Amino acid sequence: MLQVRKSDKARSSRGKSFRRTFMVAAAAASAVVLAAPSASAVSYGYTYNGEGSATWFSDGDTLTICDHEADGASVVVYADFTDTKKWHTSGAGKCTDRSYGNLTEGFDFTLRVCLGDYSENLTDWGTCGDPFRVEA
């Protein structure tokens, strides 16, 4: 007949208690990870001399276009996946929110910020800043 010593019972009990505590802690940690909101990316672009800027917010697929200088020019943003230009025409010291609609998550593209004449639909290509990559 197999004899179980008191110390073996205590060890077995401690082992079960440890495993149970570990499993509860692991389940709680995974619930926190699964419930955490996804990170949203924010990207910035500027005209060549900083007269205008654009800020892309991946959460909501929105673009904020700002005019930083009272120079008579409007700020225009180009995206490499569409022919649609996004303009800010409200004047210096102000910003305008624009959108490309609900884009597919993870879709990446390039934006470029320039100055232009909205009334003539003209872009001054010499004022454009460097293209910058964004992701929906």
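To keep things clear, this report deals only with the structure shown in the data block. Just so we're clear, the structure is a prediction, and the values are computed from it rather than from any experiment.

## Examining the overall build of the protein
For step 1, the next point in the chain: Regarding its fold elements, the protein presents 1 helix and 9 strands.
For step 2, the next point in the chain: Looking at the protein as a whole, 31% of its 136 residues are labelled buried.
For step 3, the next point in the chain: The contacts in the protein between residues at least 6 apart in sequence include a share of 50% that link residues at least 24 apart.
For step 4, the next point in the chain: Accessible surface computed for the protein: about 9,100 Å², of which carbon and sulfur atoms make up 54%.

## Here we look at unusual backbone geometry
For step 1, the next point in the chain: A positive phi is found at Asp61, a non-glycine position, where the angle reads about 50°.
For step 2, the next point in the chain: On the accessibility criterion, Asp61 (1% relative accessible area) is buried.

## With respect to the pattern of salt bridges
For step 1, the next point in the chain: Enumeration over the complete set of coordinates arrives at 2 salt bridges.
For step 2, the next point in the chain: A salt bridge links Arg133 to Asp80, with the nearest nitrogen and oxygen atoms 3.7 Å apart. Within this pair, whereas Arg133 is found in strand 9 (residues 132-135), its partner Asp80 is found in the loop between strand 4 (74-79) and strand 5 (85-88), the two being separated by 53 residues in sequence.
For step 3, the next point in the chain: A salt bridge links Asp108 to Arg133, with the shortest nitrogen-to-oxygen separation between them at 2.9 Å. Of this pair, Asp108 sits in strand 7 (residues 108-117) while Arg133 sits in strand 9, placing them 25 residues apart in sequence.
For step 4, the next point in the chain: The exposure class assigned to Arg133 is partly exposed, which follows from its relative accessible area of 48%.
For step 5, the next point in the chain: What emerges from the salt-bridge pattern is a single network uniting Asp80, Asp108 and Arg133.

## Section: a nonpolar patch on the surface
For step 1, the next point in the chain: Judged by side-chain polarity, Val42, Tyr44, Tyr46 and Phe57 come together as a nonpolar surface patch covering roughly 390 Å² of accessible area.
For step 2, the next point in the chain: In terms of residues, the nonpolar patch owes the most to one element, strand 1 (residues 42-46), which gives 3 residues.
For step 3, the next point in the chain: Within the fold, Phe57 resides in strand 2 (residues 52-57).
For step 4, the next point in the chain: Judged by its relative accessible area of 31%, Phe57 is partly exposed.

## Quick look at the nonpolar core
For step 1, the next point in the chain: In this structure, Trp56, Leu63, Val77, Tyr100, Phe109 and Leu111 are the most contacted members of the largest nonpolar core, which totals 16 residues.
For step 2, the next point in the chain: Contributing elements (two or more residues each) for this core: strand 2, strand 3 (62-67), strand 4, strand 7 and strand 9.
For step 3, the next point in the chain: Counting residues per element, this core draws most heavily on strand 7, which supplies 4 residues.
For step 4, the next point in the chain: Beyond its immediate chain neighbours, meaning those up to four positions away, Leu63 contacts Ala54, Thr55, Trp56, Val77, Lys86, Thr96, Asp97, Arg98, Tyr100 and Leu111.
For step 5, the next point in the chain: Val76, Tyr78, Trp87 and Cys128 belong to the second largest nonpolar core, which has 5 residues in total.

## Some thoughts on the side chain of Thr55
For step 1, the next point in the chain: As for its placement among the helices and strands, Thr55 is situated in strand 2.
For step 2, the next point in the chain: Here Thr55 is in contact with Val42, Ser43, Tyr44, Thr62, Leu63 and Thr64, once residues within four sequence places are set aside.

Thresholds applied
Residues numbered from 1 in each chain as written. Predicted model: local features only at pLDDT ≥ 70, side-chain atom pairs only at ≥ 80, totals over all residues. Heavy atoms only, no water. Helix = DSSP H or I, 4+ residues; strand = E, 2+ residues; numbered from the N terminus. Buried < 20%, exposed > 50% of the residue type's maximum accessible area, 1.4 Å probe, protein only. Contact = heavy atoms within 4.5 Å. Areas by Shrake-Rupley, 256 points an atom, 1.4 Å probe, with all protein chains shown as cover. Salt bridge = Lys/Arg side-chain N within 4 Å of Asp/Glu carboxyl O. Patch = residues over 30% accessible without salt bridge, like charges linked within 9 Å, V, L, I, M, F, W, Y side chains within 5 Å. Core = buried A, V, L, I, M, F, W, Y, C linked by side-chain atoms within 4.5 Å.

These figures capture arrangement, not role.
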